[in-house]
Amino acid sequence: MGMTFDLAQLIIDAEIYKMVLHTINGFEVNEETLALDVIKEVKMGEFVSQKHTTDNFKKIQSHSDIINRQPREQWLAAGAKDMTEVAYEKAIQILENHVPEPLTEEQAAYIRKVVEDAEAEYGVK
């Protein structure tokens, strides 16, 4: 029985996890974040061009390394890469450039013990 594993899917799943975590953590709600003064001033107008909006919207929106939020025309002009393509590129970049922090001796010994205990329990060796 073989196993398959898709590195792009791992990157996508990690991105979804980050976005969910960002949502679960919530955001501060107060007079400043609600922009009550801007609401009173603008009333029924648009808020996108307001300084408060441009100063604050990126603090609330989750940020993605693989999801392109550009307008379609800009996305097409930039090569129209879908999320899977970008995720594969990120996976390759990580594989080629990541330098993991070495385990401490204690961490390595603990992992070795877990493996040896599992091998003993399942008769593997």
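That block above? That's the structure.
The notes below deal with the structure included here. (Residues numbered from 1 in each chain as written. Predicted model: local features only at pLDDT ≥ 70, side-chain atom pairs only at ≥ 80, totals over all residues. Heavy atoms only, no water.)

Let's talk about the environment of Thr 104
Put simply, the rule is: Put simply, DSSP H or I for four residues or longer makes a helix, DSSP E for two residues or longer makes a strand, and each gets a number counted from the N terminus. Each residue's exposure class comes from its accessible area (1.4 Å probe, protein chains only) as a fraction of the maximum for that residue type: buried when under 20%, exposed when over 50%, partly exposed otherwise.
Position of Thr 104 among the secondary structure elements: in the loop between α6 (83-97) and α7 (105-122). Judged by relative accessible area, which is 36%, Thr 104 ranks as partly exposed. Residues Thr 104 and Leu 34 lie 70 residues apart in sequence; the distance between their C-alpha atoms is 47 Å.

Here's the deal with the side chain of Asn 56
For the record, the criterion: Whenever two N or O atoms come within 3.5 Å, that pair is a polar contact, provided that in protein one can donate a hydrogen and the other can accept it, and provided that, for residues adjacent in sequence, both atoms are side-chain atoms.
Position of Asn 56 relative to the elements: it lies in helix α4 (residues 51-60). With a relative accessible area of 18%, Asn 56 lands in the buried category. A distance of 2.8 Å separates a polar side-chain atom of Asn 56 from the backbone oxygen of His 52.

What about unusual backbone geometry?
Residue Ala 35 is not a glycine yet carries a positive backbone phi of 55 degrees. At Ala 80, a residue that is not glycine, the phi angle is positive and equals roughly 55 degrees. Within the element layout of this structure, Ala 80 appears in the loop between α5 (72-77) and α6.

Details of the environment of Ala 109
Note on placement: Ala 109 falls in helix α7. Ala 109 sits in the partly exposed class, given a relative accessible area of 46%. Sequence spacing of Ala 109 and Gln 70 is 39 residues, and the spatial spacing of their C-alpha atoms is 48 Å.

Observations regarding the nonpolar core
Note the threshold: Only buried residues count toward a nonpolar core. Its members are Ala, Val, Leu, Ile, Met, Phe, Trp, Tyr and Cys residues joined through side-chain atoms within 4.5 Å. Here, residues are in contact when the closest pair of their heavy atoms is within 4.5 Å.
If you look at the biggest cluster of nonpolar residues, it comprises 7 residues: Ala 8, Ile 11, Ile 12, Ile 66, Val 86, Ala 87 and Ala 91. When residues of this core are traced back to their parent elements, those giving at least two are α1 (7-25) and α6. If we ignore the near neighbours within four places in the chain, the residues touching Ile 12 are Ile 66, Met 83, Thr 84 and Ala 87.

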